[in-house]
Amino acid sequence: MRFSLAFLPLIGGIIGGCVLLVSGVVPFSSMPVAVRILLTLLLPLLITGGFHVDGFMDTEDALHSYAAPEKKLEILKDPHIGAFAVISLVKWLLIYGAAITSVLLSERTGRRVLAILGLSFVIGRCLLGLTSMFFQKAKKDGMLYEETKDRPQVVVILLVIQLLAASALTVWMDVLSGSLVLLTFALHTLYYRFMVYKSFGGVTGDTAGYFLTTGEILAAVVLAASLYL
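Residues numbered from 1 in each chain as written. Predicted model: local features only at pLDDT ≥ 70, side-chain atom pairs only at ≥ 80, totals over all residues. Heavy atoms only, no water.

Draft legend 1. Local environment of the overall build of the protein chain. Secondary structure summary: the protein chain contains 10 helices and zero strands in total. Reading the secondary structure of the protein chain in the N-to-C direction produces α-α-α-α-α-α-α-α-α-α. Projected onto the principal axes, the alpha-carbon positions of the protein chain cover approximately 50 × 40 × 30 Å. For the protein chain, buried positions account for 48% of its 229 residues. Within the protein chain, contacts between residues at least 6 apart in sequence are counted, and of these 80% link residues at least 24 apart. Counting only carbon and sulfur atoms, one obtains 70% of the accessible surface of the protein chain, whose full area is about 11,000 Å². Of the charged side chains in the protein chain, 17 are positive and 15 negative, and the gap between their average positions amounts to 7 Å. (Helix = DSSP H or I, 4+ residues; strand = E, 2+ residues; numbered from the N terminus. Buried < 20%, exposed > 50% of the residue type's maximum accessible area, 1.4 Å probe, protein only. Contact = heavy atoms within 4.5 Å. Areas by Shrake-Rupley, 256 points an atom, 1.4 Å probe, with all protein chains shown as cover. Lys, Arg positive; Asp, Glu negative; His and termini not counted. Charge placed at Lys NZ, Arg CZ, Asp CG, Glu CD.)

Shown next as C-alpha cells:
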C-alpha cells in the first residue's frame, strides 16, 4: 500500500486512452455522437467501479449538513446515502454531461482536444496523490492515512514527474485550452485545501474522492468553454 499512490496516474491514463479511442479512432469515432457522449461519461465509472464517486457523495452529504467538523467526519463514516448526496450527484453529472457534449460537438475538437480531455484524468490523479500525502489529515486512521503516513520519497518523485509530463503534453496539445485546464486544476487544488481544512480539519479518503470527481468535471467544463472563445 505504501507505493499504491504512484500508480494512480496509470489508471487515469487508461481512462484517458479509452476516451481518446472512443471519439478519436476509427471505427469507434464513427459511432453516433450520443453514444460516444454516454460512453465518455460511463468509462471512468466502469474502469474505477465508481470508487471516487462514493467519496464525493459522502463529502457532499457532510458539507450540506453545515455541522461542526467533528459531526461532518461522523457523516463521512455513515454508510447511508443522504438526499444531498443524490442531488449533488445529479447536478454534477448534468454539468459534466453538458461539458462533454460541448466538447464532442465542437467543430474545433480533434485528437489534440480529446488528448487534453484524456490527460485531465492523469493530472487529476497526480494531484490527488500529492494532496493526499502533503495536506494535513483529518484523522489518524483509515485507508488514506495508512497509504500516506510514511510519504515515500520515490512515490512523491514519481507523481511529480508524471504531473510535469502530463502538464507539458496538455499545453503542447493546445496552448490556450491546455493552459486553462491546468489553471483550473491549480485553483481547484487551492480551494480544496481551504475547504477541507475549514470543514473537516484536513483530508480523508472521502474528500479525496470529492477532489478528483469535481476536478475532472471542472476541467471538462473549462475545456469545453475554451473551444468556443
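Draft legend 2. Just the pattern of salt bridges, in detail. Summed over the entire model, instances satisfying the criterion amount to two salt bridges. Salt-bridge contacts for R125 lead to E216; the nearest nitrogen and oxygen are separated by 2.5 Å. You can see R125 sitting in helix α6 (residues 111-134) and its partner E216 sitting in helix α10 (residues 205-226), a full 91 residues away along the chain. Grouping residues by exposure puts R125 and E216 together as buried. (Salt bridge = Lys/Arg side-chain N within 4 Å of Asp/Glu carboxyl O.)

Draft legend 3. Seen up close, the environment of V33. Secondary-structure assignment places V33 in helix α2 (residues 33-48). Expressed as a C-alpha distance, the spacing of V33 and T101, which sit 68 residues apart in the sequence, is 8.5 Å. V33 has contacts with L104 and L105, leaving out every residue within four places of it along the chain.

Draft legend 4. Region of the structure containing the environment of S177. For S177, the position within the fold is in helix α9 (residues 175-199). Between the alpha carbons of S177 and L227 there is a distance of 7.4 Å; along the sequence they are 50 residues apart. Once you skip the residues sitting within four places of it in the chain, S177 turns out to touch I116, L223, S226 and L227.

Draft legend 5. Spotlight on the packing of α9 against α10. Interhelical geometry of α9 versus α10 gives an angle of 150° and a closest axis separation of 9 Å. The pairing of α9 with α10 is recorded here as roughly antiparallel in orientation. Seen from above, α9 lies across α10 with right-handed handedness. For the pair formed by α9 and α10, the contact residues are S177, L180, V181, T184, F185, H188, T189, Y191, Y192, M195 and V196 on the first element and T207, A208, Y210, F211, T214, G215, E216, L218, A219, V222, L223 and S226 on the second. Here the residues of the contact of α9 with α10 are counted per class, giving 14 nonpolar, eight polar and one charged. (Axes fitted to C-alpha atoms, helices over the stretch in contact; angles between N-to-C directions. Parallel < 35°, antiparallel > 145°, perpendicular 65-115°, else oblique. Left-handed = near helix turned anticlockwise from the far one by under 90°. Nonpolar A, V, L, I, M, F, W, Y, C, P; charged D, E, K, R; others polar.)

Draft legend 6. Up close: the packing of aromatic side chains. Summed over the entire model, instances satisfying the criterion amount to five aromatic pairs. Measuring from ring centre to ring centre gives 6.2 Å for F135 and Y197, while their planes differ by 85°; the resulting arrangement is edge-to-face. Here Y197 lies in helix α9 and F135 lies in the loop between α6 and α7 (143-148), a separation of 62 residues in the sequence. The interplanar angle of 35° and the centroid separation of 4.6 Å between the aromatic rings of Y192 and F211 together place this pair among those described as tilted. Of this pair, Y192 sits in helix α9 while F211 sits in helix α10, and the two are 19 residues apart along the sequence. Assigned by exposure class, Y192 and F211 land together as buried. An aromatic cluster of three or more residues is present, and its members are F135, Y192, Y197 and F211. The ring of F135 has R193 lying over it, and the distance from NZ or CZ to the ring centre is 6.0 Å. Seen from the ring of Y197, R193 lies directly overhead, with NZ or CZ sitting 4.3 Å from the centre. (Phe/Tyr/Trp six-rings, centres within 6.5 Å; stacked < 30°, edge-to-face > 60°. Lys NZ or Arg CZ within 6 Å of the ring centre and 35° of its normal.)

Draft legend 7. Region of interest: the side chain of T40. Mapped onto the secondary structure, T40 falls in helix α2. Here the side chain of T40 touches R36 through a polar contact of 2.7 Å, landing on its backbone oxygen. If near-sequence neighbours (up to four positions away) are discounted, T40 is found in contact with V19, S23, I100, L104 and L117. (Polar contact = N/O pair within 3.5 Å; in protein donor to acceptor, adjacent residues only side chain to side chain.)

Draft legend 8. Summary view of the confidence of the model for the protein chain. Of all residues in the protein chain, 98% attain a pLDDT of 70 or more, and the chain-wide mean is 92. Averaged pLDDT values for the elements of the protein chain fall to 71 in α7 and rise to 97 in α9. (pLDDT = per-residue confidence, 0-100.)

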